[in-house]
Every structure is written in structure tokens, then in C-alpha cells.
Amino acid sequence: MRIQAAVLERPDGALTSHRVRIETAELDGPRDEEVLVRVTSCGVCGTDRGCLHGQEPYPTPGVLGHEGAGIVEAVGRNVTLVKPGDRVVMGFPFCGVCRNCRAGQPRYCEHGKELMFGGYRLDGSTPLRRGDGEPLAGRFFQQSSWATHAVALERQLAKVPDHIDHDLMGPLGCSITTGAGAVLNELRPTPGSSIAVFGAGSVGLSAVMAARLTGATTIIAIDKDERRLALALELGATHVIHGTGDLDAQVKELSGGGVDRAVEATNGANLVAEACKSLAMLGVCAMVGGAKPTAEISLNHPDMLLNGKRLIGVMGGGGQTPAFHLSLMELQAQGRFPLEKLVRFYDFADINQAIEDSDSGAVVKPILRMR
Ligand SMILES: [Zn+2]
Ligand SMILES: [Zn+2]
């Protein structure tokens, strides 16, 4: 079928050249385990921008977009979980059969990297071509949903309940779940505890909203952008630190000696060492933000050992799709997880403006509307 897709010709590196261009493309129908989704909205995430700007690898020409939501149009022969007309969010892809998938840890699918960044199915095929027949890397996170239609894996879909606005929920496919899941699935702050969130973008602010749902009584947000810190306070932070100077000393002062939990949610700033330093004894730091492939961390050995500190990597919030997505949708509908406060909607045609506003930090979470 003929669709419209935002094609990335090559990573722009310098951040100045043309970005993506909406073209007419050809999309094949779904295979047996796949679903054709008419995309109605898709978020712009730090990972899209990482690939766009050449900091994270993605083959080109290709189509990005991995926070897609929409309406099922057709299903493959073996699909049982959804039917045409269902409203869905396209979450993280996973193979479903590797050791970690079978152990209930789909975020750590052994094929995860390839499924997310490979640009193709695991067998090397793509359902997407340019008008002239040139293949497009059309499987970013197995969805490439900066397009009017996408073919995704059945197992990566979460069905959206009737009373919930699915167009707001695409970012649950990545950034929102990454921040909220790190707190609710992994760090699990106890009543009266403290947590510091480094980076107040969509991931960090989602961590703040999640922390507010726990018994944590000290929630510190750290960022360089005053507007985001103001939003963090509105969303539940009890304190904010304008991100300059001696961050760990400031966190320690606000928390009376160190925090029980920390989330490193910067996209590339790599404040993992500062986050670990800011922990109290027996504290746990979750690193969740993206970084370039060569990024390193340097920690003080005795500080980690003698204080029993732990540093964990948490991919995509851990946990399971779609159960966790569904709980966040219900919490949003109840007004307890106000992710709509992070969002600004754009017409699909204005995609480059949305990217620019995300790059500049003017908008926390742009969502493109395809209809
Ligand atoms: Zn797997
Ligand atoms: Zn993402």
C-alpha cells in the first residue's frame, strides 16, 4: 500500500542540514505475527534525535519513530491479541523466545539492540520501500512510526482501553515508561525515603511523577533548564537544583546526607558518577538515559564499596509490556500521572519543527498527529 513516511536521508551530524522529508512510500502488508497499524500519533524521543544526529547508529535511508499509537487495520494469520479497529500503542520490540524473553525480561531481549536499531527484521527484510523501489530501513524499534502506517509485531502492542485517549499514549512506548518504570519497577522507593532525578526531560519528569506515586517524601529534580524545573515542581518534586556546580554536595545537603535512590535520566550528559556520589549508604542509582557508544563512567571504588552503593542499568523501565503500559494509562486517566503536561501536539507535516523544539528543549514531549 501507498503511505507517507518521514525519510532520513543520512544522519545530519552538524545538526544544521535538512532533517527528514515526508515522502510517498510503499509498505507491504503484515506477515503472520505482524499487525498493520494506521498511525494516528507518534512521539519524538531522544533516541530518534540520537539517530538523526548520528550519535546512535541507524541505517539510512530509513524511517525513525518508535512511540507510535494508532488503529489496527489488518492482522497477520497468527495474530490473536488484537483485531482491526482496536486502538493500540506500539511498545518496545522483543523476540519472545530468547532466554531473557522467556524469563519474563523482554526489555533485555538478546536481540533487543538489533530489533531496535538494526532497521530491518531479524531476517534482514524490510516492509518499506521508496516510490522508486529503493529499500528503506523501515523497522526502527520494529515500527518506524514517523509515517501514516506501520507494520509492527503483535507482541509489542498494548491495547488501549475505550475511555483513554490513545493519541496521548504513544510515548508510553519508550520515554515515559523508561522514567516511570525505573522508579516503580526497579527502584521502588520506600515510605519516607529520598530520590534524586538527574535530568528533567520526558524520562526524568516521568520518574518524578512516578516517585510522587510512592511514599518517597524527598523528590529532588536536577536540570539546567529553569522551565523544566518549574514543571518538575508542579509534577511532584519537593526540591529542585539548577544543574550547575557541585551537584552531589547540593543533593546531600537537601537530603540530609545523601539520597536513597537516584535516577540518571540525562540524554548524553552522563551524570552517573555524580548520581552515585549523591547516594546515601545502601543507596541505589538507576542509569536510564541514552549515551554515545563510547561513553564511559568513572566511580570512586571505596565510596561504592564501603557504602554498599549499587549502580544498575535499567532499559526502558524494566517490567513487561503491556501490563505496565496499561497501569500508566489508568493512572493518567485518574489524574495521578499527568503526562499530558509534558506534551505538545504537531501536525505530521511540521515534523522538523517538532524535532527542532525537542532539540532546543522548548517542548518536553512533542507528539506528531498523522490525521
Ligand atoms: Zn528475546
Ligand atoms: Zn525512545
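Residues numbered from 1 in each chain as written. Chains lettered and ligands numbered in written order. Predicted model: local features only at pLDDT ≥ 70, side-chain atom pairs only at ≥ 80, totals over all residues. Heavy atoms only, no water.

(A) Up close: the environment of G131. Within the element layout of this structure, G131 appears in the loop between β7 (128-130) and β8 (149-153). Once the C-alpha coordinates of G131 and A25 are considered, the two residues, 106 residues apart in sequence, prove to be 5.1 Å apart. (Helix = DSSP H or I, 4+ residues; strand = E, 2+ residues; numbered from the N terminus.)

(B) Layout of the side chain of E67. When you line up the elements, E67 lands in the loop between β4 (62-63) and β5 (68-75). Within polar-contact distance, the side chain of E67 engages the side chain of K365 at 2.9 Å. With near-sequence residues (within four places) excluded, E67 lies in contact with S41, C42, G43, V44, C45, Q143, S145, G170, P171, C174, S175 and K365. (Polar contact = N/O pair within 3.5 Å; in protein donor to acceptor, adjacent residues only side chain to side chain. Contact = heavy atoms within 4.5 Å.)

(C) Summary view of the coordination of the zinc ion (ligand 1). Bound to the zinc ion (ligand 1) on the protein side are C95 (SG), C98 (SG), C101 (SG) and C109 (SG), at distances that span 2.4 Å. Geometry at the zinc ion (ligand 1) is tetrahedral, judged from the four donor atoms that bind it and their angles of 103 to 118° at the metal. Read in sequence order, the donor residues for the zinc ion (ligand 1) give the motif C-x2-C-x2-C-x7-C. In this pair, the class of C95 matches that of C98, namely buried. (Donors = N, O, S within 2.8 Å, 3.2 Å for Na, K, Ca; no water. Tetrahedral: all angles 85-135°; square planar, octahedral: opposite > 155°, others 65-115°. Buried < 20%, exposed > 50% of the residue type's maximum accessible area, 1.4 Å probe, protein only.)

(D) Fine view of the pattern of salt bridges. Tallied over the full model, the rule gives 21 salt bridges. For E34, the salt bridge is made with R121, and the minimal N-O distance between the two is 2.7 Å. Of this pair, E34 sits in strand β3 (residues 34-43) while R121 sits in the loop between α3 (112-117) and β7, and the two are 87 residues apart along the sequence. Assessed through its relative accessible area of 3%, E34 is described here as buried. (Salt bridge = Lys/Arg side-chain N within 4 Å of Asp/Glu carboxyl O.)

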